[in-house]
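# Commentary on secondary and tertiary structure
In case you want the letters, here they are:
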Amino acid sequence: MILAKFFMSSYVTIFILGLATPLQAVDVKVADGFECQQIYQVPTKTQGSWVAITKHDDGRLITADQYGSIYYVTVDGNKTPKVEPLNLKIGGAHGLLWFKDRLFVSVCERKVVKAGVYVVMDSDGDGELDKVELMKTLAGGGEHGPHGFVVSPDEEWIYYVCGNHTNVPAGIDHFAATNKWGEDHLLPTQPDARGHARSRKAPGGWVARFKPDNSRWELISQGYRNAYGIAFNHAGELFTFDADMEFDFGTPWYRPTRICHVTSGSEFGWRQGTGKWADYYLDSNPAVLDIGPGSPTGVVSGAGSKFPARYQEAIYALDWTFATIYAIHLQPSGASYTAQKEELVYGEGLSVTDAVIGNDGAMYFLTGGRKTQSALYRVSYIGNESCEPVESGQAINDLAALRRSLEVLHLSANADKLDLIWQSMGHQDRAIRFAARVALEHLPLKLWQDKLLKETNPAILSHGAVALAHQGNKENAQPLLQALAKVDFSSLNRVGKLELLRAVSLVISRCGDGAQRDALLGSLDAHYPAGDDIVNRELCRVLSYLQSDTVVKKTLGLMASRGAETPPDWAALAARNSRYGKDVINMLNNLPSTQNLHYAYCLRVVKGPWSKGQRRQYFQWFKKAANKSGGKSYKGFVDNIRKDALEHATKEEREMIKAWKLEVVSNPFKNLPQPKGPGKAWSLADISKLKNLDKADLLNGQRMFEACLCLACHQVAGKGGAAGPDLTKAAGRFQLVDMGEAIIDPSKTISDQFQFSLITKKDGSFVTGKVLDEKDGSLIVAISPYDFSQTVKVPRSEVTEIKASPVSPMPPALINRLNEKELVDLMGYLMSLK
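Let me sum up the structure you'll find in this document. Per chain, residues are indexed from 1 in the order of the written sequence. Per-residue local features are limited, in this predicted model, to residues with pLDDT of at least 70; the limit for side-chain atom pairs, both in listing and counting, is 80 or more; totals at the level of whole chains, interfaces and linings are taken over all residues. For the side-chain quantities, the full set of heavy atoms in the structure was used; hydrogens and water were omitted.

So, about the environment of Val-737. Segments assigned H or I by DSSP are reported as helices when at least four residues long, segments assigned E as strands when at least two residues long, and all are numbered from the N terminus. Locating Val-737 in the fold gives a position in helix α23 (residues 736-744). Distance from Val-737 to Cys-540, taken between C-alpha atoms, is 39 Å for residues 197 residues apart in sequence.

And the structure:
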């Protein structure tokens, strides 16, 4: 057995004691006050790699090999656990649940028996499991197949989660949301550029519940990618941890791994390829908490643990890829929740798969999966805080109670509640609006269709329009879109605008545009661009579909004036797995503009002819975009968007574009010193607190000056670029905080001497750059701050306006690749320049 006490302030290396073949040493951290023990190393050749765990009433643990058998594990203090196989024809499980003297098994890998839900029971009462019975056959398998269980707080139901490669089975008795799901996109989508999940359609992954006697099945929630575990909190609310699609890094449709509140009728919008729904869609549920990149596995409640109260009330989410167990601290927010994450346990190589709270109040978790070395660990609290039990069944607030009352109507429709439903669709709380709209869809259409077409409340109209669109009747398109087009868009707040635009999109995608193009353009065109990036995304989407005469010019203007985006704070997490974190680090080092990629994605469907300048600006953008870094499908997506755009161009435009032979822009990150990292999203407050600058390694600071591209734009002692101020005597002019502000937020103050210009042309295209000269009636404009030899000619006769760009040519967050020591060295170097 391995025993160590771990604290967040330091790493502890774990070593095996008393084993003939020692495990490789692992560095692990745990939260302050907790102790972690590795109590069993699984013999891979005979017992496989464990991915699921549950607890028998007598305290024994039950575990499952991903591809093989099921095992009883008896833990007795610090003794080596006793492991015994369950000698029945059952295995390949991804989920286990012991409940009322029976073992429920979710079979995913089909090497022992076919995929499905099984129950293993004691048929003769001798205390030994001896009979295997199939409850539900499932069409699905592999790592995106059937997964985990949890018992409802009232013990009336077993809830069950499956990944997006598992078809919804036959024999579902009721659907909390209607089963008329669809892809529901206004613009044509593209499959994953590498072919992943090309054939998988809505509803994606799903959560169902069934009676323990198998008498009834209900589908509760849908739209997941690959949630593996589920758990109830102390208030009886259900949560899961859904997967991202790592191939999508750097795209606007990338969705981080996230904690989801699994409410009745909920839809989380997974669709394949570019089709993943934005979480602000009114017919989608938002995440409670975005985690970041990862590979979600088990989810377990802290109930029953001998931990301090906040840890008993937490749920725990396991990430296999980045070797972390998160404590998710939930806070009620309106009718739903927000949350904060805390890293309970993490360490490089700690491929966590599943966890359970034992009868002794400790957490037992597994590592393994994909036939890797597996082990069983125990986490105990040894700190000084009280571990008195926290009672379950906590009271909920009035808004959550209203949501639950509406969710009852998902299961038992009641026309007498139409007024409550109707008013709730206009409620200020998003979760209540969603629950009300789902309840409306369970009522007969004849009860509310005419009422909807007379509605003047924009929120009720938008949600009701989605409900009506789900019926898919073509005759609904014209009156619905007429009603939506009459809404004063300028009177709506941000949420209202997004809901209306989604309603318009869904009505068109389900029912057609009802010959309402002109009415919609008259309602929306004048409001684009708006002062909000997300509203602009949806306006661009709708106006591109409608073939607006102004959408190309306006969108190219937005693309030209778009500054660099701030990278997410994922560097430290990515460093925990050198194999799977590589794409994350590469993306953070060379970040694409997801906003501009969205704009380009929308404009691809706008038919030609465009002006020559507009086409050139647009297709030059693809060269720049292709030079950025993202997930494994990023460059393929960029290329496919370009191909779509060419298909919508005229024949003459395609020939013109081919003749341009647009050059590839060089990558300024090549052949530079590279930071060791892991970095983080450094703030001005972080910089102001840096210490020991006088002890900085100035030579390494100079290397970091080059690694962060500073030397490409700034001179020091006659060496470097000229796009920014000379920093040779910088420390004599700037304090540390001033220097930090210039790095963190370079657009806050831009010197006239170094400001780029935004040039508007008569054809509606834009050029952003530094005007270097004017020759023969043309402006010579440098378009790259890193290389002023990259220039374009802009005929003065084609220019309608030249104004200062509000965006600094210096990108923000260039220091976010640095670790603290590297940042100290860089700032120490800069402050030494006197």
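By convention a nonpolar core is built from buried Ala, Val, Leu, Ile, Met, Phe, Trp, Tyr and Cys residues, the set being connected through side-chain atoms within 4.5 Å. We call a residue buried when its accessible area falls under 20% of the maximum for its residue type, exposed when it is over 50%, and partly exposed in between, using a 1.4 Å probe and counting protein chains only. With 91 residues, the main nonpolar core has Trp-448, Leu-484, Leu-603 and Tyr-618 as its most contacted residues. By the convention used here, residues are in contact when the closest approach between their heavy atoms is within 4.5 Å. Excluding residues within four positions of it along the chain, Leu-603 makes contact with Ser-544, Val-551, Val-552, Thr-555, Leu-556, Met-559, Trp-610 and Tyr-618. Of all hydrophobic cores here, the second largest spans 28 residues; its members include Ala-696, Val-824, Tyr-829 and Met-831.

This next bit is on helix α5 (residues 430-441). Here α5 spans 17 Å end to end across twelve residues, near enough to the 16 Å set by a 1.5 Å rise per residue. Taken across its twelve residues, α5 has eleven buried, putting it largely inside the fold. Within the span of α5, buried status applies to Ala-431, Ile-432, Arg-433, Phe-434, Ala-435, Ala-436, Arg-437, Val-438, Ala-439, Leu-440 and Glu-441. Contacts from the buried residues of α5 go to β21 (266-267), β26 (336-346), α3 (398-411), α4 (418-424), α7 (458-469) and α9 (494-511). N or O atoms closer than or at 3.5 Å make up a polar contact, with two conditions inside protein: a donor-capable atom paired with an acceptor-capable one, and, for residues adjacent in sequence, both atoms drawn from side chains. Among the residues of α5, the N-terminal cap falls to Asp-429, whose side-chain oxygen and the backbone nitrogen of Ala-431 are separated by 3.0 Å. For a helix, the expected span equals 1.5 Å multiplied by the residue count minus one.

Further remarks concern the packing of aromatic side chains. To describe a pair of aromatic rings, one takes the distance between the centres and the angle between the planes. Aromatic pairs are defined between Phe, Tyr and Trp rings, using the six-membered ring for Trp, whenever the two ring centres lie within 6.5 Å; interplanar angles under 30 degrees are classed as stacked, those over 60 as edge-to-face, and all others as tilted. For the structure on display, the rule yields 30 aromatic pairs. Arranged with centres 5.0 Å apart and planes meeting at 85 degrees, the rings of Phe-34 and Phe-307 form a pair that is edge-to-face. Taken together, the residues span a long stretch of sequence, with Phe-34 in strand β4 (residues 34-42) and Phe-307 in the loop between β23 (296-301) and α2 (309-312) at a distance of 273 residues. Between the aromatic rings of Trp-50 and Tyr-71, the centroid separation amounts to 5.8 Å while the plane-to-plane angle is 25 degrees, which identifies the pairing as stacked. With Trp-50 in strand β5 (residues 50-55) and Tyr-71 in strand β7 (residues 70-74), the pair connects residues that are 21 residues apart, well separated along the chain. Grouping residues by exposure puts Trp-50 and Tyr-71 together as buried. Members of the aromatic cluster, connected to one another through ring pairs, are Phe-104, Phe-149, Tyr-160, Trp-206, Phe-210 and Trp-217. Criterion for a charge above a ring: Lys NZ or Arg CZ within 6 Å of the ring centre, and within 35 degrees of the ring normal. If you follow Arg-209 out to its NZ or CZ, it ends over the ring of Trp-157, 3.9 Å from the centre.

With that out of the way, let us pick up the pairing of β26. Pairing analysis gives ten bridges linking strand β25 (residues 324-333) to β26, with the strands arranged antiparallel. Within the sheet, the bridge partner assigned to Thr-324 lies in β26 and is Tyr-346. Pairing between two strands requires that DSSP report at least two bridges joining them. Adjacent in sequence and paired antiparallel, β25 and β26 are bridged by two residues, among which Gly-334 carries a positive phi angle near 60 degrees.

A cis amide bond links Tyr-528 with the next residue in sequence, Pro-529, at an omega value of 0 degrees. Looking at the element boundaries, Pro-529 is found in the loop between α10 (517-524) and α11 (533-545). Its identity is not glycine, yet Ala-323 carries a phi of approximately 55 degrees, on the positive side. Despite not being glycine, Asn-692 shows a phi value in the positive range, around 60 degrees. Here Asn-692 is to be found in the loop between α19 (684-688) and α20 (698-707).

Geometry only, nothing functional implied.
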